[in-house]
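# Structural overview
In case you want the letters, here they are:
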Amino acid sequence: MRTHSILLVAASVSLACRGDTQASRPDLFRCEGCEAIHERSHEGLSWETTIPPASEPGQRFVLSGRVFLPDGRTPAPNVIVYAYHTNAAGVYPPDTASGAPWGRRHGYLRGWVRTNARGEYRFTTIRPGTYPNRADPAHVHMTVKEPNRQEYWIDEVVFTDDPLVDARYRNSVENRGGNGIVTPSRDADGTWRARRDIILER
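Figured I'd write up the structure that's included with this text. (Residues numbered from 1 in each chain as written. Predicted model: local features only at pLDDT ≥ 70, side-chain atom pairs only at ≥ 80, totals over all residues. Heavy atoms only, no water.)

### Digging into the pattern of salt bridges
In plain terms, the rule: Any Lys or Arg side-chain nitrogen located within 4 Å of an Asp or Glu carboxyl oxygen qualifies as a salt bridge. Counting from the N terminus, the helices are the DSSP runs of H or I reaching at least four residues and the strands are the DSSP runs of E reaching at least two. Each residue's exposure class comes from its accessible area (1.4 Å probe, protein chains only) as a fraction of the maximum for that residue type: buried when under 20%, exposed when over 50%, partly exposed otherwise.
Tallying each qualifying case throughout the model produces 12 salt bridges. For E174, the salt bridge is made with R25, and the minimal N-O distance between the two is 3.8 Å. Taken as a pair, E174 in the loop between α3 (167–172) and β8 (181–182) and R25 in the loop between α1 (2–18) and β1 (48–50) lie far apart in primary sequence, 149 residues in all. With a closest N to O distance of 3.1 Å, R195 and D197 form a salt bridge. Residue classification places R195 among the partly exposed residues on the basis of a relative accessible area of 47%. Each of R25, E174 and E201 takes part in a single network of salt bridges with overlapping partners.

Spelled out as structure tokens, the structure:
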């Protein structure tokens, strides 16, 4: 019995040292397009970046937040966050310059950051437009890549002042990575700001 207990303790310590690699959602790593997070080197990434060129039309928008471990309290440093979105007209303008395969679908309004020691990230960009067919709210797609773990997508960032973010939409969200429904505010200079904290999935 004592030997059995020692073996159980040893196994528990071994698992703790390796970390929890099991996902709580069976489909967590099923993600078409998440591989786009690797279309730029992660070396030297900052915790903040500016996505659009200065000539890009649209309303200036700053999306920021913190990334936390699954406990929702502990900051998660060194997490790669990839974001992409439509232009002001609701279209993904293709990135033909880089030659990156996913750039043609995700467009050139996309960026990569690596969270700092406090788990912080920030994208300076423009506020995305709604698809021309108005089938979905205006949104920002986000993918995360934790150290030593496969990348996965989280709920899109959508805005409470968008009429398409109605009760039906709110009831449909999965809260992957925490709640992606944000309330934007506007500075005196016209810049929109919103905070989207991310809670990593188990």
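Read on for the rest.
### A closer look at the environment of P132
Test applied: Residue contacts follow a heavy-atom distance rule, with two residues in contact if any of their heavy atoms lie within 4.5 Å.
The residue P132 is located in the loop between β5 (120–126) and β6 (140–145) in this model. Each C-alpha atom, one on P132 and one on V91, is 7.6 Å from the other, the two residues being 41 residues apart in sequence. Ignoring sequence-local partners within four residues, the contact set of P132 consists of A89, G90 and V91.

### Description of the side chain of R196
What counts here: Lys and Arg are tallied as positive, Asp and Glu as negative. Neither His nor the chain termini are counted. Any N or O atom pair separated by 3.5 Å or less is treated as a polar contact, with the protein-specific requirement of one donor-capable and one acceptor-capable atom, and with residues adjacent in sequence counted only for side-chain atom pairs.
Mapped onto the fold, R196 is located in the loop between β10 (192–195) and β11 (198–199). Lacking a salt bridge, the buried R196 has D155 as its closest oppositely charged neighbour, with an N-O distance of 5.4 Å. In terms of polar contacts, R196 uses its side chain to reach the backbone carbonyl oxygen of G178, at 3.4 Å.

### Here's the deal with the packing of aromatic side chains
Note the cut-off: Within 6.5 Å between ring centres, the rings of Phe, Tyr and Trp (the latter by its six-membered ring) count as paired, and their orientation is classed by plane angle as stacked under 30 degrees, edge-to-face over 60, tilted in between.
Counted by the stated rule, this structure contains seven aromatic pairs. Centre to centre, the rings of F29 and Y152 are 6.1 Å apart; their planes meet at 70°, and the pair counts as edge-to-face. Of this pair, F29 sits in the loop between α1 and β1 while Y152 sits in strand β7 (residues 152–159), and the two are 123 residues apart along the sequence. A residue is classified by how much of its surface remains accessible, and Y152, at 0% relative accessible area, is buried. Considering the side-chain rings of Y82 and Y84, the 5.7 Å spacing of their centres and the 35° angle between planes classify their relative orientation as tilted. There is no split in this pair, since Y82 and Y84 are both buried. Chaining the aromatic ring pairs together yields one cluster made of Y82, Y84, Y92, W112 and Y131.

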